Amino acid sequence: MADSPGHVQALLDALAWQVEFGADEAIGEVPVDRFAESAAADAAPSRAAASAFAAAPRGRAAATGAAPDARPGQDQRGPEAPAEAASARDLAAAATTLEELAEAMRGFEGSPLKMGARNFVFADGLPGARVMVIGEAPGAEEDRIGKPFVGRAGQLLDRMLAAIGLARTAPAPEDAAYIANILPWRPPGNRTPSDAEALLFLPFIERHVELAQPDFILALGNTATRALLGATAGIKRLRGRWVRHEPTGLPLLPSFHPAYLLRQPADKRLAWRDLLSLRAALDGAGPEV
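Residues numbered from 1 in each chain as written. Predicted model: local features only at pLDDT ≥ 70, side-chain atom pairs only at ≥ 80, totals over all residues. Heavy atoms only, no water.

It is worth spelling out helix 12 (residues 268–282) at this point. Side chains that are three or four residues apart share a direction in an α-helix, a result of its 3.6 residues per turn. Under the 1.5 Å per step criterion, the end-to-end length of helix 12 is 21 Å for 15 residues, consistent within 8% with the ideal 21 Å. Among the residues of helix 12, Leu270, Ala271, Asp274, Leu275, Leu278, Ala281 and Leu282 are the ones counted as buried. End-on view of helix 12: buried residues confined to an arc of 145°, all on one side of the axis. Opposite the packed face of helix 12, turned more than 90 degrees from it, sit the exposed residues Arg269 and Arg273. The secondary structure elements touched by the buried residues of helix 12 are strand 2 (131–135), helix 7 (152–163), strand 4 (216–220), strand 6 (251–255) and helix 11 (258–263). (Helix = DSSP H or I, 4+ residues; strand = E, 2+ residues; numbered from the N terminus. Expected span 1.5 Å × (residues − 1). Buried < 20%, exposed > 50% of the residue type's maximum accessible area, 1.4 Å probe, protein only. Arc of directions from axis to C-beta. Contact = heavy atoms within 4.5 Å.)

Looking now at the packing of helix 8 (residues 195–212) against helix 9 (residues 221–229). It is the contact of helix 8 with helix 9, at a shortest axis distance of 10 Å, that shows an interaxial angle of 60°. It follows from the interaxial angle that helix 8 and helix 9 lie oblique. Our pair here, helix 8 against helix 9, has a crossing hand that is right-handed. For the pair helix 8 and helix 9, the contacting residues are Asp195, Ala198, Leu202 and Ile205 in the first and Thr223, Arg226, Ala227 and Leu228 in the second. Its residues assigned to classes, the contact of helix 8 with helix 9 shows five nonpolar, one polar and two charged. (Axes fitted to C-alpha atoms, helices over the stretch in contact; angles between N-to-C directions. Parallel < 35°, antiparallel > 145°, perpendicular 65-115°, else oblique. Left-handed = near helix turned anticlockwise from the far one by under 90°. Nonpolar A, V, L, I, M, F, W, Y, C, P; charged D, E, K, R; others polar.)

Moving on, we come to the sheet that holds strand 4. Read across the open sheet, the six strands follow the order 1-3-2-4-6-5; overall the sheet is mixed. Looking at strand neighbours, the two that pair on one side only are strand 1 (123–125) and strand 5 (243–244), the edges of this open sheet. Bridge count for strand 4 against strand 6 is four bridges, and the pairing is parallel. Following the sheet pairing, Leu218 is matched in strand 6 by Leu253. Against the sheet, helix 7 engages strand 2, strand 3 (177–181) and strand 4, with an angle of about 150° to strand 3. Along the sheet face, helix 9 touches strand 2, strand 4, strand 5 and strand 6 and points at about 130° away from the line of strand 4. (Pairing = 2+ DSSP bridges.)

Have a look at this one:
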């Protein structure tokens, strides 16, 4: 006898629950050592990422004392950067509009994250807004809907921005926020993106900033801040201090990611200080970088 609709729906709900927790591959007949696979796959990119982040150019994180010295004459991304990184740089540089950049990122085949995600997540809000907010990667809700910061962390972000008179839905650039992530694809199980993954997509987000033309950048969390600044220090050390973002030259303010604030609400007071600093900058009082 055929399964009842209720039974089928219960099975689908159970399967969706497992997928949301990262169980997104079927089990085969032969056991696979995923730890060995992961270590082998990450070894070369991790070395390239470490070299790249160690070579922070022209006082990006060096202005905060966070990054070690770069070797003279070395490209900021390191000589060991894989071919995928070169392809990402070429695709990003060729984009002359945000629409072209989105299509280039959507078609980029250099990251396996694309294969496990449901939707491509590019940006939300008003291009040309004075503030561009950059997070790390889509979560489950973002992956489902195709927009950044729409889950619980996104709802908190909206309230944070509203507290200083900004909104992603505002029609005027001076009142709006433009929101994106370092990665356009959701990592399996909502895990934190690796340094190598952030480094691979860095040319895209840097070109994204150039094309969106904000006045200020608000970097949320470790992944975004370390990637954009070439830093090795954590967000607790970097937050609240304005830094000059290279290569755009824009003032950048690191702060806590809303997802972190949901877990550590006591640090909302520090995030509020950062928001007040951003509001002061928008009103013409600084920042000094």
